[in-house]
Each structure stands twice: as C-alpha cells, then as structure tokens.
Amino acid sequence: AQSVTQPDIHITVSEGASLELRCNYSYGATPYLFWYVQSPGQGLQLLLKYFSGDTLVQGIKGFEAEFKRSQSSFNLRKPSVHWSDAAEYFCAVGDNTNAGKSTFGDGTTLTVKP
Amino acid sequence: EPEVTQTPSHQVTQMGQEVILRCVPISNHLYFYWYRQILGQKVEFLVSFYNNEISEKSEIFDDQFSVERPDGSNFTLKIRSTKLEDSAMYFCASRVRGGNTEAFFGQGTRLTVV
C-alpha cells in the first residue's frame, strides 16, 4: 500500500528565509506526486505536480519540488518565504492506476516569523 | 477558470440524521472522488466513481455511505444515520480522462454532527 511521510509536523521560518518541506513516499511503481497548500478552514490548492519527465518541477507562488527516486522523496522548496505562505502543506502520492486517488501525508504547518 | 463547486459550505446535522453533500464537478470531467478530512488530521480518500459506478472505495466508505450522480451535473455523497465521528470536512474532486491528469478539488463542505 502506498504511504506518505512528512517528518516535520511544524516548521517556523523567518520571512525572506528559504524553505524546504520534506516528503518521503512509499509506492511500488513510478509515483504521481503532489503538493497542496491549505489555509485554515479552506480547501486544497494544488501547488505543483509530478507525473513524469523532468524531476525538478516548478509550481505556483514560487514553489518548486524535486523528485528523487533513489531517496523516495519529493521535497518542496521556496527560496524566499513570504508571510502569506503561512499555512498547512500536504504532500500526496497518486495511484497511477486510479489517478485521482491520492494518499496524503499528515501535513506540515508552516509559521512565518516577521 | 472552471472549478468544482460544493454545497453547502457548512452543514450542521443531528446525530442519526441523513445528510446529502452536493458537488458539481467540472463539466468535461469523467472521474469523481470524495475525500474526508477530520479536523486537524490528514485528508483521506473515500471513494472514486466512474461511468456511473464506484471504481474504488476505502475502508472508511462502509454501508453508511453512498454516492450518486443523479443527473448530468451533480455528484452527491449521502451519509445515512450520521455519527459524531462523521464530523469532518468533505472534499469533492474530479478529473478528465487520461493517466497523467490531476484531480481538481472543491472548497469542501464542513459537516458538523451534534
């Protein structure tokens, strides 16, 4: 069965600092990988996705993620964090036999210090 | 930009009552999904639906739950005899045909069972 681990429950960074959120997955084939952001009480916004091809993926709001098959990782990065980036971030692995079915990680809460 | 629409945004119901959560997927999408997020927890897959039948369901999706596409536009989740532990945010999602395509999520319906 597929699974996702987000090792960091909570991360605090200063505004303007760089950010990396970790994600490790377990899946028996080539995975579909996603990062979502969720503000309190809100829905899920897709930041970026990986299906195949270039392992460095660019997303919205200046985020990028790199798929590393050897490490089963798909870490999310941003070079300079803005206060508006404070939210919960979910990594998800999609089932490539049922592409809309995803398994989500527990999430990482990002706090941005002024 | 097309979006998945869910109604209502918040529903309060008494324990033991039946609720129907409604979703209007994006018009050319063929695959439909329901997910659940209990407050403070991760998002969990409930069910996928294609060609007017359930294609896959999780262990959570027991006999208490049912889905239906009653007409050409709506996709509903019915919960019979609600329990306190059914309180959660319920997300609908849809996607087009094709392997490398992501699901688009609605903003969710917050269900509170009292």
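A. Examining the confidence of the model for chain B more closely. Per-residue confidence for chain B gives a mean pLDDT of 94; residues scoring 70 or more make up 100%. The spread of mean pLDDT over the elements of chain B runs between strand β10 (residues 104-105) of chain B, the lowest at 94, and strand β8 (residues 75-79) of chain B, the highest at 98.

B. Looking closely at the sheet that holds β8(B). All names here are of chain B. Reading across the sheet, the 4 strands line up as β1-β3-β8-β7 and stay open at both edges, with antiparallel pairing between neighbours. Sheet topology places β1 (5-7) and β7 (65-68) at the edges, where each strand pairs with a single neighbour. For this sheet, the mean angle separating the axes of adjacent strands, direction not counted, is 20°. Note: β1 against strand β3 (residues 19-24), 3 bridges, orientation antiparallel. Looking at the pairing, Gln 6 lines up with Cys 23 of β3.

C. Seen up close, the environment of B:Arg95. Of note, B:Arg95 is situated in strand β9 (residues 88-95). Considering only alpha carbons, one finds B:Arg95 and B:Leu111, 16 residues apart in sequence, at a separation of 24 Å. Excluding its chain neighbours within four sequence positions, the residues that come into contact with B:Arg95 are A:Ala99, A:Gly100, B:His29, B:Leu30, B:Tyr31, B:Tyr33, B:Thr101, B:Glu102 and B:Ala103.

D. Representation of the side chain of A:Asp95 within the structure. By the secondary structure assignment, A:Asp95 is in strand β10 (residues 87-95). It turns out A:Asp95 is buried and unbridged, and the closest side chain with the opposite charge, A:Lys101, is 4.0 Å from it. A polar contact is formed between the side chain of A:Asp95 and the side chain of A:Tyr27, at a distance of 3.3 Å. Setting aside residues no more than four positions away along its own chain, A:Asp95 makes contact with A:Gln2, A:Tyr27, A:Tyr32, A:Lys101 and B:Glu56.

Rules used throughout
Residues numbered from 1 in each chain as written. Chains lettered and ligands numbered in written order. Predicted model: local features only at pLDDT ≥ 70, side-chain atom pairs only at ≥ 80, totals over all residues. Heavy atoms only, no water. pLDDT = per-residue confidence, 0-100. Helix = DSSP H or I, 4+ residues; strand = E, 2+ residues; numbered from the N terminus. Pairing = 2+ DSSP bridges. Axes fitted to C-alpha atoms, helices over the stretch in contact; angles between N-to-C directions. Contact = heavy atoms within 4.5 Å. Buried < 20%, exposed > 50% of the residue type's maximum accessible area, 1.4 Å probe, protein only. Lys, Arg positive; Asp, Glu negative; His and termini not counted. Salt bridge = Lys/Arg side-chain N within 4 Å of Asp/Glu carboxyl O. Polar contact = N/O pair within 3.5 Å; in protein donor to acceptor, adjacent residues only side chain to side chain.

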